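Below are the chains, spelled out letter by letter.
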Amino acid sequence: PSVERYRLQRGTRRRVGAGPPVSRPEGLRHRRQRERQILKVLADGPHSLPEFIPVMYKGLDPRLEKAAQMSVHAHLIDLERRDMVNRSDDRWIAL
């Protein structure tokens, strides 16, 4: 997974998304925090991708919803590859 490659890269600062460079531990910490947030949402039952956004990004400018969905989707794909979530049609569930 990309997080593992990120951990092995040389140097101490990387760009995460569109933000300023962050240290590796800080970037990994944020990614793991986002994963925990997704799993917490899924603990309440199956969710479609758009249903994550109002829960995870309260007060988000509607113009940024698609970008937020893309970010959550990338996390879900990674979690799926690690057998932590599964999808059925357009709904995601925790395993």
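What this report covers is the structure whose coordinates are included nearby. Quantities reported herein were computed from a predicted structural model and do not represent experimental measurements. (Residues numbered from 1 in each chain as written. Predicted model: local features only at pLDDT ≥ 70, side-chain atom pairs only at ≥ 80, totals over all residues. Heavy atoms only, no water.)

## Structural notes on the overall build of the chain
Then, number 1: Helix and strand content of the chain: 4 helices and 5 strands.
Then, number 2: Order of helices (α) and strands (β) in the chain, N terminus to C terminus: α-β-β-α-β-α-α-β-β.
Then, number 3: The buried share of the chain, taken over its 95 residues, is 29%.
Then, number 4: Counting only carbon and sulfur atoms, one obtains 54% of the accessible surface of the chain, whose full area is about 6,600 Å². (Helix = DSSP H or I, 4+ residues; strand = E, 2+ residues; numbered from the N terminus. Buried < 20%, exposed > 50% of the residue type's maximum accessible area, 1.4 Å probe, protein only. Areas by Shrake-Rupley, 256 points an atom, 1.4 Å probe, with all protein chains shown as cover.)

## Focus on helix α3 (residues 49-56)
Then, number 1: Taken residue by residue, α3 has L49, F52, I53 and M56 as its buried positions. For α3, the angular spread of buried residues about the axis comes to 105 degrees, placing them on one side. (Arc of directions from axis to C-beta.)

## As for the sheet that holds strand β4 (residues 85-88)
Then, number 1: Pairing within the open sheet is antiparallel, and its 3 strands lie in the order β3-β5-β4. With one partner strand each, in any of the chains shown, β3 (47-48) and β4 form the two edges of the open sheet.
Then, number 2: Where β3 lies against strand β5 (residues 91-94), 2 bridges are found, and the strand directions are antiparallel. Looking at the pairing, H47 lines up with W92 of β5.
Then, number 3: Sitting on the sheet, helix α4 (residues 65-81) is in contact with β4 and β5, with an inclination near 110 degrees to β4. (Pairing = 2+ DSSP bridges. Contact = heavy atoms within 4.5 Å. Axes fitted to C-alpha atoms, helices over the stretch in contact; angles between N-to-C directions.)

## Regarding the nonpolar core
Then, number 1: Ranked by internal contacts, the top residues of the largest apolar core, which has 14 residues, are I38, L42, F52, M56, V72 and L76.
Then, number 2: Those elements giving two or more residues to this core turn out to be α2 (24-43), α3 and α4. (Core = buried A, V, L, I, M, F, W, Y, C linked by side-chain atoms within 4.5 Å.)

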